[in-house]
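# Structural overview
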Amino acid sequence: MWRSGLARHTVDFKSLLFLLAFAACTSSEPPPADSATPTAAPVVDIVLSELAAPPAELSTVGSSVPFACDEPIYVAQTGWTVDAPVLADPHADTLGAVPAPSQVHVGWSGDPSTSMTMIWRTDSDTYATHLQIGVDDAYGTTLAGSSFLLGTDLLDGRVHEVRVCGLQPGTTWHYRVGAEGAWSPDYTFTTAPPPGSTEPFVFGVAGDSRGSPTTWQSILAGMASHGVEFRLFTGDAVVMGSRVSEWDDWYDAGAGYIESVPTIAANGNHEGLAQPYFALAALPGNEEWFSFDYGNVHFASWNDTVANTNDWATQATWLTEDLAATTQPWKIVFHHKPAYSGCRPNGEDANVRTYFVPVAEAGGVQLDLAGHNHNYERSVPLAGGLEVAQTDGITYVVTAGGGAPLYDNNQGLSYTAVSVETQHYVIGVVEGNRLTMTAYDLGGNVLDTYTLSP
Ligand SMILES: [Fe+2]
């Protein structure tokens, strides 16, 4: 609703630099997978006075305010746009014409047991970026965050981001975002148990919702019925990552689910490393390859649609060190392109097999979750391409039935244990040394269930 009535706008100097950099770099952008209407460069005025320093009690980065984080917020601009992230605009009290928060959602930039990141959108002229948080709806703590423009079309509005740190694990928190006079409703989320905890938990996995936000909405509802504490997404949320309208549809479909439960996504080839993908997501690390612990499981994700071919080796080295460093008994990886898949036309990805499978095998990974090939598949446990005992190898799962057109999956390969061509999602239940994974179709029928040991 805020995409209306805004013909002339004010932006800060850093955003102007970004706009110029974006314009300079788009000439080298590879052609998109399909056509999109280019947006004209907006008319801008520079009004530095709008970016006055926030009130002292709200200058939260590195401050002594409870739940403040040490790290400032950067806007990732990798891939097709520009290489270096830029610092987001500091908070100011300015409200625009449409300051009410929309698409409020949570994610993890850091430790899921002690931190959370909130992201929402407003019109481009609203700078006020507040979070109120506490153990009940009296809150008790107010934090300020940062904001930035989404892409180059001011009609796409402003993205707001606040991070909280130093939370108690395993605790339910109330929060609201926005500003005085434009607060969101009250929402809640629950921090993860402490790393290493054997407390049981439930998570969901799905992928490849591109082109069908209504299917994604059905999957969110299905996962919620199982009480998922977070969702893994195996990539390709949208058809073209640079098209903001598709992200609008994806996040709008999440209303009622994404305010309380994070979706942690791997980059898919259709995301294209485009700015809106990074701008609207809160992910750990550099948001392309990262890891986090939830209970006694170490989750790691890599990007198998790289912007720079050097990133293959860089990521392999990172994953080697990352897996060597964890002490958790469970190690699960998730990413986009499968190493093992009987689904055509895409089949197995040679780069994933070359750079990541040997590292994952040596690092003791038990489960590999991928997307890209639009079906559900599970392999027998494999090591070096051969079937082995479950505890000696990796079980490979393809979960890519989130709404994209289904692919031919009937190849009869020897390593395929289960193969179903239908829309679906997967629920994981971790109970200490037992992991039960169950795939469901959108009617709630069980497609596959199996149990793993670490
Ligand atoms: Fe894909």
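Right, let's walk through the structure included here. Since this is a predicted model, take the numbers as computed values, not measurements.

Counting buried positions over the six residues of strand β14 (residues 201-206) gives five, a clear majority of the element. Pairing geometry for β14 and strand β26 (residues 424-431), over five bridges, is antiparallel. Looking across to β26, one finds that G204 is bridged to I427. As paired elements, β14 and strand β15 (residues 230-233) share four bridges and run parallel to each other. Along β15, the bridge assignment pairs A206 with F233. In this fold, the crossover linking β14 to β15 by way of helix α2 (residues 213-225) has right-handed handedness.

With that out of the way, let us pick up the nonpolar core. Formed by 104 residues in total, the largest nonpolar core has its most connected members in M118, V164 and I332. With five residues, the single largest contributor to this core is helix α3 (residues 244-253). The contact partners of I332, leaving out residues within four places of it in the chain, are V297, F299, V365, Q366, L367 and L369.

Spatially, the four strands line up as an open sheet ordered β9-β8-β12-β13, and their pairing is antiparallel. Each edge of the open sheet carries a strand with a single partner, namely β9 (141-144) and β13 (187-190). Looking at each pair of strands side by side, their axes are set apart by 30 degrees on average, direction ignored. Both strand β8 (residues 130-134) and β9 contribute to a ladder of four bridges, which runs antiparallel. Residue pairing across strands places Q132 opposite T142, the latter belonging to β9.

Thresholds, definitions, all that
- Residues numbered from 1 in each chain as written.
- Predicted model: local features only at pLDDT ≥ 70, side-chain atom pairs only at ≥ 80, totals over all residues.
- Buried ≥ 20, exposed ≤ 12 C-beta atoms within 10 Å, placed from the backbone.
- Helix = DSSP H or I, 4+ residues; strand = E, 2+ residues; numbered from the N terminus.
- Pairing = 2+ DSSP bridges.
- Right-handed = clockwise from strand over helix to strand, strands pointing away.
- Core = buried A, V, L, I, M, F, W, Y, C linked by C-beta atoms within 7 Å.
- Contact = placed C-beta atoms within 7 Å.
- Axes fitted to C-alpha atoms, helices over the stretch in contact; angles between N-to-C directions.

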